[in-house]
Protein chains: 2
Amino acid sequence: MTEEPRTRPGGRSARVRATVHQAVTELVAERGYGNFTVGEVAARAGVADTSIYRRWGNLEALAMEVAVDRLSTESSIPDTGSLDGDLRAYAVQAARDVSGPNGLALLRTILALLDTGTAGMRARDQFLAERANQLQRMLDRARARGEQAPEVIEVVDFILAPMYIRVLFGIGSLTTDYAETLVDRLLQAGANE
Amino acid sequence: MTEEPRTRPGGRSARVRATVHQAVTELVAERGYGNFTVGEVAARAGVADTSIYRRWGNLEALAMEVAVDRLSTESSIPDTGSLDGDLRAYAVQAARDVSGPNGLALLRTILALLDTGTAGMRARDQFLAERANQLQRMLDRARARGEQAPEVIEVVDFILAPMYIRVLFGIGSLTTDYAETLVDRLLQAGANE
């Protein structure tokens, strides 16, 4: 732990953000969303409760930011030069993310947030918009190259939904082969249209 | 409310079961699983707490029974004489069940039960086994007629997973057309094999 010079105010702010995010991630993994308080996040992160309230407003907004942030950084969108390559890299990465130690906790945080009314709905919409935008850019690149590309919602139906359901219900395991099979089905369905 | 004659002990037992199930269903819909106690179920059903503990052991076991029971009765398996007909009737019914007032609550009960350790795992396994057995019988009938039928897990991937994810994340609506589209995709994938 090095002391950040006072001339770089963003440094401390970024550190607090990272520490608080980490505390939320740990508490979600240990107890599940809804089973901890802002006070417990603050205690674990070593910051004052008031710092969290001032910056994030409430636990829902904080949890939303953590979930969306994690999603954006962990599931970066591939750019391999072909739709086939992009979809395979994306599916394999998504399988890895969602079956990793934080994947189930993240999914369930998103679902738990839906119970929390308006803040939860905003969190869900932000999560979905983030996911959809990432995918849309990938599919747009394919179309710009002259490839026939599926819609975002088809990627959800064919690739993400089966993975998410398998993780949520604990069915089977998300192997690379399985991820490839899901991509094959999507591409095959497109070829049949 | 008619008084059941003492010569039919099953009558009262069945009534208690129905009343307690109804109380759980209502509480799940109103508050979500995990936000009510055995005492509150008992109060709403008009029975003693001890009756619930004696019969079901704990809230997880009771919630599991309610979820599995509801699934079994509401999602009866069609028998139309063809795989195509069965799958379409099944998918349309599943879409209706899961997007109905209790569908989301049921799904989320199952997911919440996974947080409760061993009892939750048993609940999940029982839920999945029930779903899988129903489907297996339908697919077995198709094979017995000489039809080429998919595996249960393919029905989950192609039909149930997209519906469940759409309901859980609140994406789109589960129309009959959408249910039919999911069946088309499954049958098309089978035809391509």
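These numbers were taken from a predicted model, which means no experiment stands behind them.

Q: Sorry if this is basic, but what is going on with the overall build of chain A here?
A: Secondary structure assignment for chain A yields nine helices and zero strands. Burial statistics for chain A: of 193 residues in total, 47% are counted as buried. Pairs at least 24 residues apart make up 64% of the contacts formed inside chain A by residues separated by at least 6 positions. Counting only carbon and sulfur atoms, one obtains 50% of the accessible surface of chain A, whose full area is about 9,200 Å².

Q: What's the story with the environment of A:Arg88 in this structure? I'm lost.
A: Residue and element names in this part refer to chain A. Mapped onto the secondary structure, Arg88 falls in helix 5 (residues 83–99). For the pair Arg88 and Asp184, spaced 96 residues apart in the sequence, the C-alpha separation amounts to 8.9 Å. Here Glu180 takes part through its side chain, which lies 2.5 Å from a polar atom of the side chain of Arg88.

Q: Before we go on, may I ask you to explain the interface of chain B and chain A in this structure?
A: How big an interface is tends to be stated in terms of accessible area lost as the parts join. Contact with chain B, which involves 29 residues of that partner, is made by 29 residues of chain A. A buried area of about 2,600 Å², summed over both sides, lies between chain B and chain A, and 63% of it is on carbon and sulfur atoms. When the area that chain B buries against chain A is broken down by residue, the three leading residues are B:Arg108, B:Asp157 and B:Phe169, summing to 25%. Our count for the contact surface shared by chain B and chain A stands at four salt bridges. B:Asp157 is paired through a salt bridge with A:Arg166; the nearest N and O atoms lie 3.3 Å apart. Where chain B meets chain A, there are six residue pairs in polar contact (both at pLDDT 80 or more). Mapped by element, the contributors of at least two residues to the side of chain B that touches chain A are helix 6 (103–113), helix 7 (118–144), helix 8 (152–169) and helix 9 (176–192) of chain B. Of the residues forming the side of chain B that touches chain A, the biggest block, twelve residues, is contributed by helix 8 of chain B. Of the residues that constitute the side of chain B that touches chain A, the class distribution is 19 nonpolar, three polar and seven charged.

Q: Honestly, the side chain of A:Asp157 in this entry has me stumped. Any pointers?
A: Looking at where A:Asp157 falls in the secondary structure, it is placed in helix 8 (residues 152–169). You can call A:Asp157 buried: its relative accessible area is 3%. Looking at A:Asp157, its side chain comes within polar contact range of the side chain of B:Arg166, at 3.2 Å. Polar contacts involving the side chain of A:Asp157 include one to the side chain of B:Arg185, which spans 3.0 Å. Contact partners of A:Asp157, with chain neighbours within four places excluded, come to A:Pro162, B:Asp157, B:Pro162, B:Arg166, B:Tyr178, B:Leu182 and B:Arg185.

Q: I tried to follow helix 2 (residues 38–45) of chain A on my own but got confused; where do I start?
A: Working note: α-helix, 3.6 residues per turn, so residues spaced by three or four point in the same direction. Residues and elements named next belong to chain A. Within the span of helix 2, buried status applies to Val38, Val41, Ala42 and Ala45. Axial view of helix 2: buried residues confined to an arc of 100 degrees, hence all on one face. Of the residues flanking the end of helix 2, it is Gly46, one or two places downstream, whose phi is positive at about 75 degrees.

Q: Just checking my understanding: could you explain the pattern of salt bridges for this structure?
A: Where charged atoms from two side chains of opposite charge come close, those side chains can pair. Under the counting rule described, the total for this entry stands at 28 salt bridges over all chains. Of the charged contacts in the structure, one is a salt bridge between A:Arg44 and A:Glu26, with a shortest N-O distance of 2.9 Å. Of this pair, A:Arg44 sits in helix 2 while A:Glu26 sits in helix 1 (residues 9–31); the two residues are 18 residues apart in sequence, bridging distant segments of the chain. For A:Arg44, a relative accessible area of 35% translates into the label partly exposed. The salt bridge partner of B:Asp184 is B:Arg88, with a shortest N-O separation of 2.7 Å. On the criterion of sequence distance, the pair formed by B:Asp184 in helix 9 and B:Arg88 in helix 5 (residues 83–99) is long-range, its members being 96 residues apart. Beyond isolated ion pairs, a larger network of salt bridges with shared partners links A:Asp84, A:Arg88, A:Glu180 and A:Asp184.

Q: What's the story with the relation of the copies chain B and chain A in this structure? I'm lost.
A: With an axial shift of 0.1 Å and an RMSD of 0.1 Å, the rotation relating chain B to chain A amounts to 180 degrees. In short, the pair behaves as if placed about a two-fold rotation axis. In terms of C-alpha distance to the rotation axis, chain B has B:Ala161 as its closest residue, with the C-alpha 2.7 Å off the axis.

Q: Please explain the packing of helix 8 of chain A against helix 9 of chain B as it appears in this structure.
A: The description of two packed helices rests on the angle between their axes and on the distance between the axes. In contact at an axis separation of 13 Å, helix 8 of chain A and helix 9 of chain B are set at 60 degrees when each is read in the N-to-C sense. By the angle between their directions, the pair helix 8 of chain A and helix 9 of chain B is classed as oblique. As for how helix 8 of chain A packs across helix 9 of chain B, the hand of that crossing is right-handed. Where helix 8 of chain A abuts helix 9 of chain B, its residues A:Glu154, A:Asp157 and A:Phe158 lie against B:Tyr178, B:Leu182 and B:Arg185. For the contact of helix 8 of chain A with helix 9 of chain B, the residue count by class is three nonpolar, no polar and three charged.

Q: Can you walk me through the packing of aromatic side chains in this structure?
A: Within a pair of aromatic rings, the relevant descriptors are the distance that separates the centres and the angle that separates the planes. Within the structure shown, the criterion is met by three aromatic pairs over all chains. Between the aromatic rings of A:Phe158 and B:Phe158, the centroid separation amounts to 6.1 Å while the plane-to-plane angle is 85 degrees, which identifies the pairing as edge-to-face. Taken together, the positions of A:Phe158 in helix 8 and B:Phe158 in helix 8 put the pair across two chains. Look at A:Phe158 and you get buried, because its relative accessible area is 6%.

Q: Looking at this model, I keep getting lost on the environment of B:Ser99. Mind explaining?
A: All names here are of chain B. Structurally, Ser99 is set in helix 5. What makes Ser99 partly exposed here is its relative accessible area of 43%. Distance from Ser99 to Arg124, taken between C-alpha atoms, is 20 Å for residues 25 residues apart in sequence. Residue contacts for Ser99: discarding those within four places in its chain leaves Val167 and Leu174. Here the side chain of Ser99 touches Ala95 through a polar contact of 2.5 Å, landing on its backbone oxygen.

Conventions and cut-offs
Residues numbered from 1 in each chain as written. Chains lettered and ligands numbered in written order. Predicted model: local features only at pLDDT ≥ 70, side-chain atom pairs only at ≥ 80, totals over all residues. Heavy atoms only, no water. Helix = DSSP H or I, 4+ residues; strand = E, 2+ residues; numbered from the N terminus. Buried < 20%, exposed > 50% of the residue type's maximum accessible area, 1.4 Å probe, protein only. Contact = heavy atoms within 4.5 Å. Areas by Shrake-Rupley, 256 points an atom, 1.4 Å probe, with all protein chains shown as cover. Polar contact = N/O pair within 3.5 Å; in protein donor to acceptor, adjacent residues only side chain to side chain. Buried area = accessible area lost by both parts, 1.4 Å probe. Salt bridge = Lys/Arg side-chain N within 4 Å of Asp/Glu carboxyl O. Nonpolar A, V, L, I, M, F, W, Y, C, P; charged D, E, K, R; others polar. Arc of directions from axis to C-beta. Least-squares fit on C-alpha atoms with pLDDT ≥ 70 in both. Axes fitted to C-alpha atoms, helices over the stretch in contact; angles between N-to-C directions. Parallel < 35°, antiparallel > 145°, perpendicular 65-115°, else oblique. Left-handed = near helix turned anticlockwise from the far one by under 90°. Phe/Tyr/Trp six-rings, centres within 6.5 Å; stacked < 30°, edge-to-face > 60°.

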